[in-house]
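If you want the building blocks of each chain, they are given just below.
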Amino acid sequence: MSVSIRASDPVARPFFAGEVSGVDVSQDLSREDVAAISTGMDQYGVLVFHDQHLDDGRQLAFSRNFGALEQATGDIAQGAERRLSIDVNDISNLDRNNQILARDDRRRLFGLGNRLWHSDSSFKPVPAKYSLLSARVIPGAGGNTEFADMRAAYDALDDETRAMCEDLVCEHSQLYSRSTLGFSDFTDDERRRFAPVLQRLVRRHPVTGRKSLFLASHAGAIVGWPVPEARAFLRELTEHATQRQFVYAHVWRQWDLVMWDNRVTMHRARPYDHTQVRDMHRTTVACEQSTMEQAA
Ligand code: OGA
Ligand code: MN
C-alpha cells in the first residue's frame, strides 16, 4: 500500500488539512512515499496520520526525511530538568519524573504561550519549516490543536491592506508573546536568548510560489512603525487570519501524528484539565534561511 491523502473534513472550507493513509511512518520509507508526503505538505499545509505508534527515535528518523532538524532550545526547561532529548520539544504537562507539573510551575506557565496563535520558532533567525507532533497520551476532553491557513488569509485581504503588508518587517520574540500573558520574570540569559529577530510579514512558499502572512504571537513590533500602531495592526491581521473559515480544529486521538508547514499556517493549543496528563512530543524541521533572505 502506498501513501494516499484526502481532505480530512469534506465539508470544511478551505481544504488545507489532509488525512494520510497507507503508510506506517515508524518504518523506513521509500523515496516515493517521502516525495508523496512532501507534495501533500505543499498542497495542504497540515497532514494528519492516525495510529502511528512512534517512539522518539522513530519520530526523529521520520522527521529527518524532510530536512535538518531544529534543536529544542526555545523552551525554558533545560539541562538537568529536561525530560526529553534536546532534539525533541516537550509539549507535555510533565516533569522529568513524569509527574504532572503544579499549576503555577514556571515550565507550565511558559508552555501556556502555546495557547496563543503562533508559527513555531518565528522567534529564531531561521524559523521552523515543518513541525511533527505525536500524541502519546491525551486528556479525556479538550486539548485540541487549531490551525489557520495563512495563504487563504493573505488571499482574502483587501487590495489596500495587502499592499500595505507587502514589504513590512516584524520583530518576533518570545519575551513579547509571554509578556502578553503576564509572564515576564525572565533571567538575563533568557533575555539574551530571546532577543527579537526580524521576519518579513509576507513570505512566499518556495515550491508553490503562494504568498502567505507570517504572523505569530511573538510579533510585537513592525520596523519603522510606532509600537502601539504596529501592535494594533498585527492584532487586526491576526483576527482576520483566524476567522472560522480559515481554521481547522484537530481533535486528537492517541497515536495521531500531525505534521504542519509553519511557513503557511499558524496554530494554537486549546485548553484542557491540567490535572490530566497530556503528553505530546514534537520534532521540528528547520527552514533553510531567514525570511529576510527571500525575495518578496
Ligand atoms: C506545538 C504547539 C499545540 C498543542 O507543539 O508547537 O504549539 O496543542 N502545540 O499542544
Ligand atoms: Mn507551536
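Now for a description of the structure that goes with this document. Sequence positions are assigned chain by chain, starting from 1 and proceeding in written order. Chains and ligands are labelled by the order in which they are written, letters from A for the one and numbers from 1 for the other. Two thresholds apply to this predicted model, a pLDDT of at least 70 for residue-level local features and 80 or more for giving and counting side-chain atom pairs, whereas whole-chain, interface and lining totals are computed over all residues. Processing note: side-chain calculations cover all non-hydrogen atoms of the structure and skip hydrogens and water entirely.

1. Some words on the site of ligand 1
Now for step 1: Around ligand 1, the surrounding shell consists of I91, N114, H118, D120, L133, N144, T145, W260, H267, A269, R278 and R282.
Now for step 2: In protein, a polar contact requires one atom able to donate a hydrogen and another able to accept it; more generally it is a pair of N or O atoms within 3.5 Å, and residues adjacent in sequence count only if both atoms are side-chain atoms. Between ligand 1 and H118, the relevant distance is 3.1 Å, taken from an oxygen atom to a side-chain nitrogen or oxygen of the residue.
Now for step 3: In this structure, R282 approaches ligand 1 through a side-chain N or O atom, which is 2.7 Å from an oxygen atom.
Now for step 4: Only the protein chains shown count as cover for residues, and all accessible areas are computed by the Shrake-Rupley method using a 1.4 Å probe. Considered on its own, ligand 1 offers 290 Å² of accessible surface; in the complex 99% of this is hidden by protein.
Now for step 5: Using protein atoms alone on a 1 Å grid, points that fit a 1.4 Å probe yet trap it form a cavity, whereas open point sets bounded by protein on both sides within 12 Å along at least five of seven lines form a pocket; residues with an atom within 4 Å of a point count as lining. Assignment to a cavity or pocket requires that more than half of a molecule's atoms be within 2 Å of the site's grid points. Most atoms of ligand 1, that is more than half of them, are within 2 Å of grid points of the largest cavity.
Now for step 6: When grouped by side-chain class, the residues that make up the shell around ligand 1 number 4 nonpolar, 5 polar and 3 charged. Residues are classed as near a molecule or strand on a simple rule: at least one heavy atom within 4 Å of it. Each residue is assigned to one class: nonpolar for Ala, Val, Leu, Ile, Met, Phe, Trp, Tyr, Cys and Pro, charged for Asp, Glu, Lys and Arg, and polar for all the others, Gly among them.

2. Remarks on a nonpolar patch on the surface
Now for step 1: On the surface, a nonpolar cluster with roughly 240 Å² of combined accessible area is contributed by L198, V223 and M292.
Now for step 2: Counting from the N terminus, the helices are the DSSP runs of H or I reaching at least four residues and the strands are the DSSP runs of E reaching at least two. Relative to the elements of secondary structure, V223 occurs in the loop between β11 (219-222) and α8 (227-241). To count toward a patch, a residue needs a relative accessible area above 30% and no salt bridge. Like charges then connect within 9 Å, nonpolar side chains (Val, Leu, Ile, Met, Phe, Trp, Tyr) within 5 Å. What counts as a salt bridge is simple: a side-chain nitrogen of Lys or Arg found within 4 Å of a carboxyl oxygen of Asp or Glu.

3. Points about empty space enclosed by the protein
Now for step 1: Grid points are joined across faces, edges and corners, and a volume is the space filled by probe spheres set on the points. Tallied over the entire structure, the rule returns 2 cavities of 30 Å³ or more.
Now for step 2: Considered as a void within the structure, the largest cavity measures approximately 110 Å³ in volume.
Now for step 3: If you trace the largest cavity, you find it lined by I91, N114, H118, D120, L133, T145, W260, H267, R268, A269, R278 and R282.
Now for step 4: Considering every element that reaches the lining of the largest cavity, the biggest residue donor is strand β14 (residues 265-269), with 3 residues.
Now for step 5: Counted by class, the lining of the largest cavity contains 4 nonpolar, 4 polar and 4 charged residues.

4. Observations regarding the coordination of the manganese ion (ligand 2)
Now for step 1: Atoms are scored as donors when they are N, O or S and lie within 2.8 Å of the metal, with 3.2 Å used for Na, K and Ca; no water is included, so coordination may look incomplete. In this structure, H118 (NE2), D120 (OD) and H267 (NE2) serve as the protein donors to the manganese ion (ligand 2), at separations of 2.1 to 2.2 Å.
Now for step 2: Look at where the donors of the manganese ion (ligand 2) fall in the sequence and you get H-x1-D-x146-H. Remark: H267 occurs in strand β14 and D120 occurs in the loop between α3 (106-111) and β5 (128-137); sequence separation between them is 147 residues.
Now for step 3: D120 gets classed as buried once you look at its relative accessible area, which sits at 3%. Between buried and exposed lies partly exposed: a residue is buried under 20% and exposed over 50% of the maximum accessible area for its type, with that area taken using a 1.4 Å probe on protein chains only.

5. Considerations on unusual backbone geometry
Now for step 1: A positive phi is found at N98, a non-glycine position, where the angle reads about 60°.
Now for step 2: Within the secondary structure layout, N98 lies in the loop between β4 (89-92) and α3.
Now for step 3: Overall, the relative accessible area of 46% leaves N98 in the partly exposed class.
Now for step 4: For W255, which is not glycine, the phi torsion reads 70° and is therefore positive.
Now for step 5: The topology assignment puts W255 in the loop between β12 (247-250) and β13 (257-261).
Now for step 6: With relative accessibility at 21%, the residue W255 sits in the partly exposed group.

6. Description of the state of the cysteines
Now for step 1: Cysteine sulfur atoms that pair up within 2.5 Å are treated as a disulfide. For the structure on display, the rule yields 0 disulfides.
Now for step 2: Of all cysteine sulfurs, the one in C165 lies closest to C170, which takes part in no disulfide; the gap is 8.6 Å.

7. What to know about the sheet that holds strand β15 (residues 279-286)
Now for step 1: The 7 strands are arranged β1-β2-β3-β13-β5-β15-β4 in an open sheet whose pairing can be described as mixed. Looking at strand neighbours, the two that pair on one side only are β1 (4-7) and β4, the edges of this open sheet. Direction aside, the axes of adjacent strands within the sheet are offset by 25° on average.
Now for step 2: By this definition, two strands are paired if DSSP reports at least two bridges between them. In the sheet, strand β2 (residues 17-21) pairs with strand β3 (residues 46-49) via 4 bridges, with the strands oriented parallel. From the neighbouring strand, A17 faces β3, where its bridge partner is V46. The angle between two axes is taken between their N-to-C directions and runs from 0 to 180 degrees, where each axis is a line fitted to C-alpha atoms and a helix contributes only its stretch in contact.

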